[in-house]
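The chain contents come next:
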Amino acid sequence: DDINVQLQRSAQKYNFITPRDFLDFINHFIGLVSEKRAELHEQQAHFDDGLQKLKETGQEVTELQAGLASKEVELTQKNNDASARFGQMTTGQREAEE
């Protein structure tokens, strides 16, 4: 109301708000609320999708780590077998050279 008084003093006009103006204001406000709500739902869906991806990736990492552990055991065993065979070959070569 103070703004109306200032406007009346400076411009010698009075700002009337009609019921139609008020209804337009309310409709505009409702539209803004709906728009912002839709944006928030969109962001929430985006965050939910990202969180789901992170959970899936975490599960995949866990599975890959389990597979890696079993492969490491196999690799260690095969390295030991290869070392033993290399040792046998080296021993066989020495015996053959003598």
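Everything discussed here concerns the structure shown above.
Residues numbered from 1 in each chain as written. Predicted model: local features only at pLDDT ≥ 70, side-chain atom pairs only at ≥ 80, totals over all residues. Heavy atoms only, no water.

J.: So what exactly am I meant to see when it comes to a nonpolar patch on the surface here?
T.: A grouping of Ile17, Phe22, Leu23, Phe25, Ile26, Phe29, Ile30 and Val33 is seen on the molecular surface, where their side chains present a nonpolar patch of about 790 Å² in accessible area. Positionally, valine 33 belongs in helix 2 (residues 19-97). Take valine 33: its relative accessible area is 32%, and that puts it in the partly exposed class. (Patch = residues over 30% accessible without salt bridge, like charges linked within 9 Å, V, L, I, M, F, W, Y side chains within 5 Å. Areas by Shrake-Rupley, 256 points an atom, 1.4 Å probe, with all protein chains shown as cover. Salt bridge = Lys/Arg side-chain N within 4 Å of Asp/Glu carboxyl O. Helix = DSSP H or I, 4+ residues; strand = E, 2+ residues; numbered from the N terminus. Buried < 20%, exposed > 50% of the residue type's maximum accessible area, 1.4 Å probe, protein only.)

J.: Is there a simple way to think about the pattern of salt bridges in this case?
T.: When charged atoms on two side chains of opposite charge get close, those side chains can pair. Within the structure shown, the criterion is met by two salt bridges. Measuring nitrogen to oxygen at the nearest pair gives 3.9 Å for the salt bridge that ties aspartate 24 to arginine 20. Residue aspartate 24 and its partner arginine 20 are located together in helix 2, separated by four residues, close to a single helical turn. Owing to a relative accessible area of 59%, arginine 20 belongs among the exposed residues under this scheme. Taking the shortest distance from any N to any O, the salt bridge between lysine 36 and glutamate 39 comes out at 3.7 Å.

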